Amino acid sequence: MMICFLCGANAQEKKTNLEVYGFIMTDMGYNFNSIDPHWFDVMRPTKLPSFKNEFGTDGNFFFSVRQTRFGIKSTTNTSLGELKTDFLFDLMGFGKNIGQTTFHLINAYGELGKFLIGQTASVFMDQDVFPVTLDYWGPMTRIFNFNIQVRYTPISNDKHRLAIAIERPGATADGGDDATSIQLANVKPVFKMPNFTAHYKRRGSWGHVQVAAIAKMMQWKDVSGSTTQDLSGSAIGWGWTISTALNLGKRCTVKVQTIQGHGIESHIADAPADVVPETNLVDPAKPIKGIAQPAWGFFSFAEMRWNDWCQSTIGYSQENVTNGDLQPQNAFRKGRYAMVNVRFMPWTNIMAGLEYQFGKRENFSDGFHSVASKLQVSFKFNFSTKTGF
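Residues numbered from 1 in each chain as written. Predicted model: local features only at pLDDT ≥ 70, side-chain atom pairs only at ≥ 80, totals over all residues. Heavy atoms only, no water.

1. Details of the overall build of the chain
The number of helices and strands found in the chain is one helix and 20 strands. Its C-alpha atoms give the chain a radius of gyration of 23 Å, near enough to 21 Å, the size a compact globule of 389 residues would have. Referenced to the eigenvectors of the C-alpha coordinate spread, the extents of the chain come out at roughly 90 × 50 × 40 Å. Counting every position in the chain, which comprises 389 residues, the buried fraction comes to 45%. Restricting to contacts in the chain with at least 6 residues of sequence separation, those with at least 24 account for 65%. When the accessible area of the chain is evaluated, it comes to approximately 18,800 Å², of which 61% is carbon and sulfur surface. Within the chain, one finds 38 positive and 33 negative side-chain charges whose respective centroids are separated by 6 Å. (Helix = DSSP H or I, 4+ residues; strand = E, 2+ residues; numbered from the N terminus. Rg over C-alpha atoms; globule rule 2.2 N^0.38 Å. Buried < 20%, exposed > 50% of the residue type's maximum accessible area, 1.4 Å probe, protein only. Contact = heavy atoms within 4.5 Å. Areas by Shrake-Rupley, 256 points an atom, 1.4 Å probe, with all protein chains shown as cover. Lys, Arg positive; Asp, Glu negative; His and termini not counted. Charge placed at Lys NZ, Arg CZ, Asp CG, Glu CD.)

Given below as structure tokens:
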């Protein structure tokens, strides 16, 4: 009896629980058409050729382990409540590491009660509506931005969730910043305010629905010192999204999301610039002005659970932007994305799958378009271990 009593006391003294988790994922496949070689293992319509033979000849076999993830979670009892932390990264090169297999931070945050500080999914996102794809990128119009933020969640229960946040400005979906969106020499971006985001989610046995909004201020300063013209300016970015996942019986879930806004491309998975140049005829001192590029899009996917070890996903995504008149003729204007897969899970923590992906890009005004098809085979091995102290 004494031994059992001591064991119970030791268990109660463990205030921190730690979980090491992640998965090893290997992708291989064949690109039937050419694509930007930096993005050889994903399907991104914005990265398809904008003119003939831009990325060489068609037909390339590829291997990748860039989806592999490693993370550490913890929960700690404190006098203020339970402290949660999460540190997670994958190997998908972004920004200066584009095209490489290297460290890429996803989560790095601490959460205590209703407050979260650090990097995680933007409040503008809805991760619960992401369809299950073998493609790392997935539908081009999903909201996809892991951002540094201060988040407050006044309501969070089984049925309702309300969250608001201030987030780091200037982040883009492919890891750069808004300086790349303003293609003018001697014009530098200025961010004097954070992004403001909010969402409300309603859950039920039928699934969920979420509405979200974002507002952001984008400014740029002409540092050339010219006395004849000043290309400084600003634009307000704003956007909204509605997303839902509906359970149609026990074996089918339909996931739909629609988005619209101006200058929100940095929060869209596969989109061009937030700010684009346009002619300004009313002021000779400012012959060029920057505008927040309008964008809208949607996706619709269905997930089927055929049995305990076989599942499938099929769906379509489309995105349109309104171009500025000073953009090049081969600038991105419209994109389409479609895929279908089948996934097998014969044993716990092991998955094998086959997926077909299709993408199409249409240019601004030169009449050119490009298409691409990809066949991908993936193997995924999950791992997780927990301990307490």
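2. Points about the side chain of Gln376
Its location among the elements puts Gln376 in strand S20 (residues 369-388). Of the polar contacts made by the side chain of Gln376, one reaches the side chain of Asp27; its length is 3.4 Å. Looking at Gln376, its side chain comes within polar contact range of the side chain of Gln357, at 3.1 Å. In this view, Gln376 contacts Asp27, Met28, Gly29, Asp41, Phe62, Gln67, Leu134, Asp135, Gly353, Leu354, Glu355 and Gln357; residues no more than four positions away in its chain are not counted. (Polar contact = N/O pair within 3.5 Å; in protein donor to acceptor, adjacent residues only side chain to side chain.)

3. Looking at the nonpolar core
Counting 36 residues, the largest nonpolar core has Met125, Trp137 and Ile268 as the members making the most contacts within it. Within the residue set of this core, elements represented by two or more residues are strand S4 (81-92), strand S11 (207-222), strand S16 (294-307) and strand S18 (332-344). Counting seven residues, the second largest nonpolar core, distinct from the first, contains Val187, Trp220, Val275 and Ala292. (Core = buried A, V, L, I, M, F, W, Y, C linked by side-chain atoms within 4.5 Å.)

4. Thoughts on the pattern of salt bridges
Counted under the stated rule, the structure contains ten salt bridges. A salt bridge links Arg44 to Asp270; the nearest nitrogen and oxygen atoms lie 2.9 Å apart. Placement of the pair is Arg44 in the loop between strand S1 (16-31) and strand S2 (60-64) and Asp270 in the loop between strand S13 (252-262) and strand S14 (275-279), with a sequence separation of 226 residues. The pair Arg44 / Asp270 is uniform in exposure class, with both members buried. (Salt bridge = Lys/Arg side-chain N within 4 Å of Asp/Glu carboxyl O.)

5. Focus: the pairing of S16
Across eleven bridges, S13 lies against S16 in antiparallel orientation. Bridge assignment links His262 to a residue of S16, and that residue is Pro294. Linking S16 to strand S17 (residues 310-321), which pair antiparallel, is a turn of two residues. (Pairing = 2+ DSSP bridges.)

6. Thoughts on the packing of aromatic side chains
Evaluation of the coordinates by the stated rule reveals 20 aromatic pairs. A centroid spacing of 5.1 Å and a plane angle of 70° characterise the contact between Trp39 and Trp137, whose relative ring orientation is edge-to-face. Here Trp39, found in the loop between S1 and S2, pairs with Trp137, found in the loop between strand S6 (115-121) and strand S7 (146-156); they are 98 residues apart in sequence, far enough to count as distant. Side by side, Trp39 and Trp137 carry an identical accessibility label, which is buried. When the ring of Phe70 is compared with that of Phe89, the centres are 5.9 Å apart and the planes differ by 45°; the resulting orientation is tilted. On the criterion of sequence distance, the pair formed by Phe70 in strand S3 (residues 69-78) and Phe89 in strand S4 is long-range, its members being 19 residues apart. A residue is classified by how much of its surface remains accessible, and Phe70, at 33% relative accessible area, is partly exposed. Under the relative-accessibility criterion, Phe89 is labelled buried at 18%. Counting every residue linked through ring pairs, the aromatic cluster contains Trp39, Phe94, Phe130, Tyr136, Trp137, Phe144 and Phe146. Sitting over the face of the ring of Trp39, Arg44 holds its NZ or CZ atom 4.6 Å from the ring centroid. The ring of Phe23 is capped by Lys380, whose NZ or CZ atom sits 4.3 Å from the centre of that ring. (Phe/Tyr/Trp six-rings, centres within 6.5 Å; stacked < 30°, edge-to-face > 60°. Lys NZ or Arg CZ within 6 Å of the ring centre and 35° of its normal.)

7. Focus on unusual backbone geometry
Of note, Asn53 is a non-glycine position whose phi angle comes to about 65°, a positive value. One can find Asn53 in the loop between S1 and S2. In this structure, Asn349 takes a positive phi of about 75° despite not being glycine. Residue position: Asn349 is located in the loop between S18 and strand S19 (350-363).

8. Here's the deal with the side chain of Gln318
Note that Gln318 resides in strand S17. There is a polar contact of 2.7 Å between the side chain of Gln318 and the side chain of Tyr316.

9. Thoughts on the environment of Pro169
Position of Pro169 relative to the elements: it lies in the loop between strand S8 (160-167) and strand S9 (187-190). Judged by its relative accessible area of 21%, Pro169 falls in the partly exposed class. Along the sequence, Pro169 and Ile143 sit 26 residues apart, while their C-alpha atoms lie 16 Å from each other. When residues no more than four places from it in sequence are discounted, the contact partners of Pro169 are Phe191, Met193, Pro194 and Asn195.

10. Things to note about the confidence of the model for the chain
A residue-level look at the chain finds 92% of positions with pLDDT of 70 or above and a mean pLDDT of 91. A low-confidence stretch, residues 1-11 stays under pLDDT 50, and its non-local contacts, those more than four residues away or across chains, total zero contacts. (pLDDT = per-residue confidence, 0-100.)

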